[in-house]
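Letter by letter, the chains look like this.
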Amino acid sequence: MDLLDKFDSIVELRASLPFEKADPFKVVIDEVISETEAIIGGRHTILAGTNNYMGMTFDEGAIDAAKDALDNFGTGTTGSRVLNGTYGGHKALEAAIADFYDMEHCMVFSTGYQANLGMISALGGKDDYVIIDADSHASIYDGCSMGNATIVRFKHNDYENLERRLRRLPEDAGKLLVVEGVYSMLGDAAPLKEILEIGKKYGCMTLVDEAHSMGFCGENGRGVAEQLGVEDLVDFYLGTFSKSVGTVGGFAVSNHPKFDVLRFVSRPYIFTASLPPSVVASATKSIEAIKRSGNRRAHLWENARRLHDGLKNAGFNMCTPEAQSPIIAVHLPDVMQGTKFWERLLLEGVYANMAAPPATPAGMFLLRISVCAQHTTEQIDEIIARFVRTAEAVGMDV
Ligand SMILES: Cc1ncc(COP(=O)(O)O)c(C=O)c1O
């Protein structure tokens, strides 16, 4: 038996999609001009789908620090964090993140995906419960699969449903409530105050993944919990460097006095190579810069609101009533129209993301734009204009 046969339906679906000139899985960025522009297929293109929310990928301080680290420490550590792979830079980065979150302890992982695997699988033991939002990111689901806890799901952002679920669990069992600040498909923010208060009422420890909210939510950019003034209800923050920070890596922070024991029990922390010194150095500089980036934060929010309102006024079916984050998502009627729309938009010179099940909730087809603080007002208006032209060109009713 051919073990790949089980994927035949996926291959068939992909073959049936009406891509003519471009295919989302084959797009190659030939040249990066800036945080917001690239050459793709010979065409000058506005980047409207990266997670480069704070536009840090070309930050001069971060680039210089990375070059310095390359010269002084080489291209990689070739070791795990617990075996030869912790350099002074890793410790400095952990200190910078702890300072950013005003918390005591931080662990840096090699990706945000691994941070979720490592935290959830280690915290959720055999007799414990891990309670998650149904629309959680794959890394949260995979962290659950890797651990031994019983998993309980509640309806997306529905705190009454959460309370009904928690009421049924044994009072003194260990419970970890895991939620995200902003959900990456629809770009909607969580009602964290209600969710975390209910979690605490039922004895949960709480983990908030601020992957898509760090950098621009809250006065210091810590995320939605800061924005809503509920940081004292968070036991563990989790985040990534692959979005606002502009590089790669992940982290968890906490004030828990026993936090450091996780370095000895979290397999995705131990059994993988640590981040290269250049990445660590640029992440440190970037996080320090983000802390001082009040103006950038403000411009990012202006951009997000302008784009959301522009598309809404043009008649597009928006996923949120207003911009709740820099992720602005538009509903598309079905996979065929979605495919045509995405391709035509790329040919118009806008690279956004098409999102389809199983990544999306409730079988939706979406076109997701991630706004960047470095997008100019003219670029935002250009994205709106090209969306409108694309809808006309593919005959889509918006
Ligand atoms: C909510 C959430 N958590 C974690 C991650 C993983 O981040 P990384 O790219 O660092 O693996 C992502 C990435 O998309 C995410 O959306």
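Residues numbered from 1 in each chain as written. Predicted model: local features only at pLDDT ≥ 70, side-chain atom pairs only at ≥ 80, totals over all residues.

So, the overall build of the protein
Phase 1: If you tally the helices and strands in the protein, you get 14 helices and 14 strands.
Phase 2: The globule rule puts the C-alpha radius of gyration for 398 residues at 21 Å, and the 21 Å found for the protein is close to it.
Phase 3: Dimensions of the protein, computed from the C-alpha atoms along their principal axes, are close to 60 × 55 × 55 Å.
Phase 4: Put simply, of all contacts in the protein between residues at least 6 apart along the chain, 73% involve residues at least 24 apart. (Helix = DSSP H or I, 4+ residues; strand = E, 2+ residues; numbered from the N terminus. Rg over C-alpha atoms; globule rule 2.2 N^0.38 Å. Contact = placed C-beta atoms within 7 Å.)

Observations regarding helix α12 (residues 294-313)
Phase 1: For α12, built from 20 residues, the straight-helix expectation of 28 Å at 1.5 Å per residue is met to within 8% by its first-to-last C-alpha distance of 29 Å.
Phase 2: Its buried side turned inward, α12 meets β11 (327-332), β14 (365-370) and α14 (377-394). (Expected span 1.5 Å × (residues − 1).)

Here's the deal with the domain arrangement of the protein
Many descriptions give the size of an interface as the accessible area lost when the pieces come together.
Phase 1: Taken domain by domain, the protein consists of domain 1 (5-54 + 294-394) and domain 2 (59-291).
Phase 2: Here the C-alpha centroids of domain 1 and domain 2 sit 27 Å apart.
Phase 3: Residue-level contacts link 20 residues of domain 1 with 19 residues of domain 2.
Phase 4: A class-by-class count of the residues in the side of domain 1 that touches domain 2 yields 13 nonpolar, 6 polar and 1 charged. (Domains from an automatic or database assignment. Nonpolar A, V, L, I, M, F, W, Y, C, P; charged D, E, K, R; others polar.)

Some thoughts on the site of the ligand
Phase 1: Lining the immediate environment of the ligand, one finds 14 residues, of which G112, Y113, A211, T240 and S242 sit closest.
Phase 2: It is helix α4 (residues 112-123) that contributes the most residues to the shell around the ligand, 3 residues altogether. (Near = placed C-beta within 6 Å.)

Here we look at the sheet that holds strand β1 (residues 29-32)
Phase 1: Spatially, the 4 strands line up as an open sheet ordered β1-β2-β3-β12, and their pairing is mixed. Bordering the open sheet on either side are β1 and β12 (350-351), each of which pairs with just one other strand.
Phase 2: As judged from the 4 bridges shared by strand β2 (residues 37-40) and strand β3 (residues 43-47), these two strands associate in the antiparallel manner. Each residue of the ladder has a partner; that of A38, found in β3, is T45. (Pairing = 2+ DSSP bridges.)

What about the sheet that holds strand β6 (residues 150-154)?
Phase 1: Read from one edge to the other, the open sheet built from 7 strands follows the order β4-β10-β9-β8-β7-β5-β6, with strand pairing classed as mixed. Looking at the sheet topology across the chains shown, the edges are occupied by β4 (105-109) and β6. Each strand axis lies, on average, 20° off the axis of its neighbour in the sheet, ignoring direction.
Phase 2: The sheet contact formed by strand β9 (residues 236-240) and strand β10 (residues 250-254) spans 5 bridges and is antiparallel. Of the residues in β10, the one forming a bridge with G239 is F251.
Phase 3: Against the sheet, helix α6 (residues 159-167) makes contact with β5 (129-133) and β6, and its axis sits at roughly 150° relative to β6, the strand it touches most. (Axes fitted to C-alpha atoms, helices over the stretch in contact; angles between N-to-C directions.)

Considerations on the packing of helix α3 (residues 88-101) against helix α11 (residues 277-291)
Phase 1: Orientation of α3 relative to α11, taken along the N-to-C sense of each, is 20°, at an axis distance of 9 Å. Considered as vectors, α3 and α11 are oriented roughly parallel to each other. The interaxial crossing formed by α3 with α11 has left-handed handedness. Mapping the contact onto sequence places G89, H90, A92, L93, A96, I97 and F100 in α3 and P277, V280, A281, A283, T284, I287, E288 and K291 in α11.
Phase 2: Partitioning the contact of α3 with α11 into residue classes produces 10 nonpolar, 3 polar and 2 charged. (Parallel < 35°, antiparallel > 145°, perpendicular 65-115°, else oblique. Left-handed = near helix turned anticlockwise from the far one by under 90°.)

What about the pairing of β11?
Phase 1: The buried count for β11 comes to 5 of 6 residues, which makes it a mostly enclosed element.
Phase 2: Relative to β14, β11 runs antiparallel, the two sharing 6 bridges. Directly across from A329, in β14, lies its bridge partner R368. (Buried ≥ 20, exposed ≤ 12 C-beta atoms within 10 Å, placed from the backbone.)

As for α14
Phase 1: With 18 residues, α14 extends 26 Å between its outermost C-alpha atoms, agreeing within 8% with the 26 Å of an ideal straight helix rising 1.5 Å per residue.
Phase 2: The set of residues buried in α14 consists of Q379, I380, I383, I384, R386, F387, T390 and A391. In an axial view of α14, the angular spread of the buried residues amounts to 165°, which keeps them on one side of the axis. For α14, the exposed residues set more than 90 degrees away from the buried face come down to T377, E378 and E392.
Phase 3: If you follow the buried residues of α14, they end up packed against β3, α12, α13 (335-347), β12 and β14. (Arc of directions from axis to C-beta.)

Some details on the pairing of β9
Phase 1: Burial analysis of β9 places 5 of its 5 residues in the buried class, the great majority of the element.
Phase 2: Here β9 shows two buried faces, one formed by F236, L238 and T240 and the other by Y237 and G239.
Phase 3: Of the strand pairs in this sheet, strand β8 (residues 205-209) and β9 are connected by 3 bridges, and their pairing is parallel. Paired with L207 across the bridge in β9 is F236.

Some details on the environment of R14
Phase 1: Mapping R14 onto the fold places it in helix α1 (residues 8-16).
Phase 2: Residue R14 is classed as exposed on the basis of its 12 C-beta neighbours within 10 Å.
Phase 3: Remark: the alpha-carbon pair of R14 and V394, spanning 380 residues in sequence, is separated by 20 Å.

Brief notes about unusual backbone geometry
Phase 1: For N84, which is not glycine, the phi torsion reads 70° and is therefore positive.
Phase 2: Secondary-structure assignment places N84 in the loop between α2 (60-73) and α3.
Phase 3: The exposure class of N84 is exposed, given the 12 C-beta atoms found within 10 Å.

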